[in-house]
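One-letter residues, chain by chain:
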Amino acid sequence: MITLYWSIIAFILLIFNYIDYTFPTPLSYAPSDPYQSGVGHEMASIIVLFPIYLVLMWFIRRDIHKDPSRKNIWVRRWALILTIFVTGATVAIDLISVLTTYLNGESFTLSFVLKALLVLLVAAAGFMHFSADLWGYWDEFPKRKRAVVIGVVILAVATIVAGFFIIGTPQQALSYQFDEQKVTDLQTIQSEIITYWQDEGKLPATLADLNDPTVGVAVPVDEQTGQSYQYSVVGKLAFKLCATFNAPTAPYAITQDEVAIVAPAAVGTTAPAPDSWYHDAGLQCFLRNIDPSRYPSAKPQ
């Protein structure tokens, strides 16, 4: 029962993540790397625990076939009754949630409808399956039971495989993670350049000028390649920072909650620029202009 419950919960949460990724809403949160946030754990749970559940059930069924009295032992019956109760309660709670949303006048988003429908279908399927088991339906129709098992196995495998098409492979997610780190590094370098300007009254000639061991400042390098980021001065108050990215800005990193992380305010502006750090694949450069009225220098100009 533990492996079953864990597998079902992991399955539902995994599909929830797919829905959030495919049909994002303005208030939804999309992590920069879904495999690091929850998808990887949910996939691993299904891959490991669901086969364990099937093997345990095979042993239990084999013992019942040898000794039919084992079918009615109190532990098994109470486990089935508990599962039927949980699935039935889940169906009721799911319907209450849908009706509450409707009666409160809230809008039905596609994401909400799909999630509610998923929970309803999974709970209803569990209720019918274990009710049939409790009343001996599968003993009368073993071929139907075998067909259900095969169908559930195919569904589990399809769910895992579908994730690689919906959110990409772990290797693709890693490339997005490297790109997010590059954006973070460029933000750090940009901040240090502003500090240098305020202290020295001029832009640094090279990024090496920013290194200051006495205060623990070290210019970050590209962790993927080990190379320094490109920097050039294009004016008295203007500079460019460049990096080579693996892919365009991750599609799951452009939701409302991620704007502050992926697209912070440009230097010298007072509002976030939605495309400030958005990038395509390959070498991308970001032009920045320092506003001296906002970042005054300690040295006279």
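Look up a bit, the structure's there.
Procedures and definitions
Residues numbered from 1 in each chain as written. Predicted model: local features only at pLDDT ≥ 70, side-chain atom pairs only at ≥ 80, totals over all residues. Heavy atoms only, no water. Helix = DSSP H or I, 4+ residues; strand = E, 2+ residues; numbered from the N terminus. Buried < 20%, exposed > 50% of the residue type's maximum accessible area, 1.4 Å probe, protein only. Contact = heavy atoms within 4.5 Å. Areas by Shrake-Rupley, 256 points an atom, 1.4 Å probe, with all protein chains shown as cover. Pairing = 2+ DSSP bridges. Axes fitted to C-alpha atoms, helices over the stretch in contact; angles between N-to-C directions. Parallel < 35°, antiparallel > 145°, perpendicular 65-115°, else oblique. Left-handed = near helix turned anticlockwise from the far one by under 90°. Nonpolar A, V, L, I, M, F, W, Y, C, P; charged D, E, K, R; others polar.

A. Main features of the overall build of the protein. Across its full length, the protein carries 9 helices and 3 strands. Listing every helix and strand of the protein by position from the N terminus yields α-α-α-α-α-α-α-α-β-β-α-β. Scored against the burial criterion, the 301 residues of the protein give a buried share of 37%. Nonlocal contacts in the protein, meaning residues at least 24 apart in sequence, comprise 74% of its contacts between residues at least 6 apart. Element-wise, carbon and sulfur atoms account for 67% of the exposed surface of the protein, whose accessible area totals about 17400 Å².

B. Main features of the sheet that holds strand E2 (residues 238-245). The sheet built from 3 strands is open, its strands ordered E1-E2-E3 with antiparallel pairing. Looking at strand neighbours, the two that pair on one side only are strand E1 (230-233) and strand E3 (282-289), the edges of this open sheet. Strand after strand, the sheet turns through a mean of 20 degrees between neighbouring axes, direction not considered. In terms of strand pairing, E1 meets E2 through 4 bridges, oriented antiparallel. When the sheet's bridge partners are listed, Val233 is paired in E2 with Phe239. Sheet strands in contact with helix H8 (residues 170-200) are E1, E2 and E3, and its direction is about 165 degrees off that of E2.

C. Summary view of the packing of helix H1 (residues 2-22) against helix H5 (residues 110-134). Where H1 meets H5, the axes come as close as 10 Å, and the angle between the chain directions of the two elements is 160 degrees. By the angle class used here, H1 and H5 are roughly antiparallel. For the crossing formed where H1 meets H5, the hand is right-handed. On H5, the residues that touch Leu4, Ile8, Phe11, Ile12, Ile15, Phe16, Ile19 and Asp20 of H1 are Ser111, Leu114, Lys115, Leu118, Val119, Val122 and Phe130. Partitioning the contact of H1 with H5 into residue classes produces 12 nonpolar, 1 polar and 2 charged.

D. How the structure looks around the environment of Gly136. Within the secondary structure layout, Gly136 lies in the loop between H5 and helix H6 (137-140). Overall, Gly136 belongs to the buried group, its relative accessible area being 8%. When the C-alpha atoms of Gly136 and Lys71 are compared, they prove to be 9.5 Å apart, with 65 residues separating the residues in sequence.

Coordinates in, geometry out; function isn't part of it.
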